Amino acid sequence: MSTVLVVVAHPDDEVLGCGGVIARHTSQGDKVVLCCMTNGVSARENHHEELLKRQLAQKSASIELGLFDVINFNFPDNQLDSVPLLTIVKSIETVMSKYRPTIIYTHFSGDLNIDHSITNRAVLTASRPQKGNTVNEIYSFEVLSSTEWYPNSSQIFSPQMVVDITHVYEKKVRALNCYELELRPFPHSRSYECIHALATLRGATHGFKFAEAFMVERILVNT
């Protein structure tokens, strides 16, 4: 059994980016812990009204995916660049120290959303490959309405790992439905139709029905 840590900027990123892989891990008996850096709504008008809805959605999605624990930090939404990186790193380190994960999933560094790119950097800093660090594998995922809108100067999301999620795809869909308020009408890229199309594309181009794709940040092979 492995301990897996998923570090995201906002509640719903975990389902959009790796909901299927989370369901795979939990179905195999792995312990999956979710760490959210912001509440995902504080940058919006009337965010007090939306906060409870977002919290309830996160709880419901976590149950659907079988998460072991959820840790929520309260850094400012869409303003992680206003927080010293060291502060964010130390918050992630506290979670890593408690659960000692061997695998981490997080955002792609080239995402347009500033919270996503900073979360990636904080994760890589917190999990520096040095003696005593338990993390052997780090993967970054794509999030529609951010990854595909990367600046031209950024690295392109070019996945090296594709995971078959066909047998757990319905779990991802049910978890996604918990965040219904965060979805947008088609043809917005964060619509159900586009999310389904991406899972189909990632799967069909690799011989699967549905899949999720990842950039490999690190793989360490122990002796």
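The structure this text deals with has already been given above.
Model, not experiment: these values are computed from the prediction.

(A) How the structure looks around the overall build of the chain. Along its length, the chain carries six helices and seven strands. When the helices and strands of the chain are placed in sequence order, the string is β-α-β-α-β-α-β-α-β-β-α-α-β. Here the chain has a C-alpha radius of gyration of 16 Å; the compact-globule value for 223 residues is 17 Å, and the two agree. In terms of its C-alpha atoms, the chain occupies a principal-axis envelope of roughly 50 × 45 × 40 Å. Counting only residues that meet the buried cut, the chain has 52% of its 223 residues in that class. Within the chain, counting contacts between residues at least 6 apart in sequence, those at least 24 apart form 80% of the total. As presented, the chain carries roughly 10600 Å² of accessible surface, and 53% of it is formed by carbon and sulfur atoms.

(B) View of the sheet that holds strand E7 (residues 211-219). Here seven strands make up an open sheet; going across it, the order is E3-E2-E1-E4-E5-E7-E6 and the pairing mixed. Every other strand in the sheet has two partners, leaving strand E3 (69-75) and strand E6 (161-164) as the edge strands with one partner each. Strand-to-strand, the axes of this sheet are offset by a mean angle of 25 degrees, without reference to chain direction. Pairing between strand E4 (residues 103-107) and strand E5 (residues 137-141): five bridges, direction parallel. Note on E5: the bridge partner recorded for isoleucine 104 is isoleucine 138. Docked against the sheet, helix H1 (residues 13-27) engages strand E1 (3-8), strand E2 (31-38), E4, E5, E6 and E7, running at close to 85 degrees with respect to E7.

(C) Focus on the nonpolar core. Val6, Cys18, Tyr105 and Phe214 are the most contacted members of the largest nonpolar core, which has 37 residues in total. Among the secondary structure elements, those contributing two or more residues to this core are E1, H1, E2, helix H2 (47-65), E4, E5, helix H5 (169-178) and helix H6 (192-204). Those residues in contact with phenylalanine 214, other than ones at most four positions away along the chain, are Gly17, Cys18, Val21, Tyr105, Tyr139, Ser140, Phe141, Phe157, Pro159, Gln160, Met161 and Val163. Of all hydrophobic cores here, the second largest spans 23 residues; its members include Leu5, Val33, Phe73 and Ile104.

(D) Molecular detail of the environment of serine 82. Inspection of the secondary structure puts serine 82 in the loop between E3 and helix H3 (85-99). Separated by 21 residues in the primary sequence, serine 82 and isoleucine 103 have C-alpha atoms spaced 28 Å apart.

(E) Local environment of H3. In a regular helix each residue adds 1.5 Å, so 15 residues correspond to 21 Å; H3 covers 22 Å between its end C-alpha atoms and thus fits that length. Along H3, the residues classified as buried are Ile88, Val89, Ser91, Ile92, Val95, Met96 and Tyr99. Projected down its long axis, H3 carries its buried residues within an arc of 160 degrees, all on one side. Away from its buried face, by an angle of more than 90 degrees, H3 presents the exposed residues Leu86, Ser97 and Lys98.

Cut-offs and rules
Residues numbered from 1 in each chain as written. Predicted model: local features only at pLDDT ≥ 70, side-chain atom pairs only at ≥ 80, totals over all residues. Heavy atoms only, no water. Helix = DSSP H or I, 4+ residues; strand = E, 2+ residues; numbered from the N terminus. Rg over C-alpha atoms; globule rule 2.2 N^0.38 Å. Buried < 20%, exposed > 50% of the residue type's maximum accessible area, 1.4 Å probe, protein only. Contact = heavy atoms within 4.5 Å. Areas by Shrake-Rupley, 256 points an atom, 1.4 Å probe, with all protein chains shown as cover. Pairing = 2+ DSSP bridges. Axes fitted to C-alpha atoms, helices over the stretch in contact; angles between N-to-C directions. Core = buried A, V, L, I, M, F, W, Y, C linked by side-chain atoms within 4.5 Å. Expected span 1.5 Å × (residues − 1). Arc of directions from axis to C-beta.

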